[in-house]
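# Commentary on secondary and tertiary structure
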Amino acid sequence: MAKRTQPGLIDEVIHQRTRLAIMATLAGVAGLEFNEIKAELGLNDGNLSAHAASLERAGYVRIVKDFKGRVPRTTLAITAKGRKALRRYVESLQAILDKAR
């Protein structure tokens, strides 16, 4: 479950810089392979694995491990819950910006 202490506060699972970048990268596609995300965001294996696991525990991404021929492949995709959480996150930031005007 996402860390949300009070309604309207920033979702701390998504707010972390690397997890936000992963969510934003996945938002526009059906899914991406682990190595594609790693290259796109300049992450190492361990860093991406740890953040992807956090997002998966929150239900925001789905991680599928399979084989392409004989080569193992890990694919990440944003879930419906993840899309909703990302939309709420962006709306929360917009509300903060609107209040600052």
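Provided above is the structure to which this section pertains.
Below is a short write-up of the structure. Just so we're clear, the structure is a prediction, and the values are computed from it rather than from any experiment.

Inspection of helix α2 (residues 17-27) places Thr 18, Arg 19, Ile 22, Met 23, Thr 25 and Leu 26 among the buried residues, and these make up the whole buried set. Down the axis, α2 shows its buried residues gathered within 165° of arc, on one side only. At the N-terminal end of α2, a side-chain oxygen is found 2.8 Å from the backbone nitrogen of Thr 18, two or three residues along, and the residue is Gln 16.

Right, let's talk about the pattern of salt bridges for a bit. Applying the stated criterion across every chain, the model contains four salt bridges. Across the pair Lys 38 and Asp 45 runs a salt bridge whose closest N-O atoms are separated by 2.7 Å. The exposure class of Lys 38 is partly exposed, given its relative accessible area of 23%. For Asp 45, a relative accessible area of 42% translates into the label partly exposed. Across the salt bridge formed by Asp 66 and Arg 73, the nearest N and O atoms sit 3.0 Å from each other. Classification of Asp 66 by relative accessible area gives partly exposed; the value is 28%. Its relative accessible area of 23% is what places Arg 73 among the partly exposed residues. Among the ionic contacts, a cluster of salt bridges with common partners joins Glu 33, Asp 66 and Arg 73.

So, about the environment of Asn 35. Among the structural elements, Asn 35 can be located in helix α3 (residues 34-41). Asn 35 gets classed as partly exposed once you look at its relative accessible area, which sits at 49%. Residues Asn 35 and Arg 73, spaced 38 residues apart in sequence, show a C-alpha to C-alpha distance of 8.9 Å.

Turning to its location among the elements, Thr 18 is positioned in helix α2. According to the relative accessible area criterion, Thr 18 is buried, its value standing at 7%. Each residue touching Thr 18, except ones within four places of it in the same chain, is listed here: Leu 43, Asn 47 and His 51.

Here we take up the sheet that holds strand β2 (residues 61-68). Strand order in the open sheet made by the three strands is β1-β3-β2, with antiparallel pairing throughout. In this open sheet, the two edge strands, each paired with only one partner strand, are β1 (32-33) and β2. In this structure, β1 lies alongside strand β3 (residues 71-78), joined through two bridges in antiparallel fashion. Residue pairing in the sheet places Glu 33 in a bridge with Thr 75 of β3. Across the sheet, α2 lies against β1, β2 and β3, angled at about 90° from β3, the strand it touches most.

The end-to-end C-alpha separation of helix α5 (residues 80-100) is 31 Å, in line with the 30 Å expected for 21 residues at 1.5 Å each. Those residues of α5 not exposed but buried are Gly 82, Ala 85, Leu 86, Tyr 89 and Ser 92. The buried residues of α5 occupy one face: seen down the axis, they fall within an arc of 120°. Where α5 is buried, its residues contact α1 (12-15), α2 and β3.

Here is what the cut-offs are and how they apply
Residues numbered from 1 in each chain as written. Predicted model: local features only at pLDDT ≥ 70, side-chain atom pairs only at ≥ 80, totals over all residues. Heavy atoms only, no water. Buried < 20%, exposed > 50% of the residue type's maximum accessible area, 1.4 Å probe, protein only. Helix = DSSP H or I, 4+ residues; strand = E, 2+ residues; numbered from the N terminus. Arc of directions from axis to C-beta. Polar contact = N/O pair within 3.5 Å; in protein donor to acceptor, adjacent residues only side chain to side chain. Salt bridge = Lys/Arg side-chain N within 4 Å of Asp/Glu carboxyl O. Contact = heavy atoms within 4.5 Å. Pairing = 2+ DSSP bridges. Axes fitted to C-alpha atoms, helices over the stretch in contact; angles between N-to-C directions. Expected span 1.5 Å × (residues − 1).

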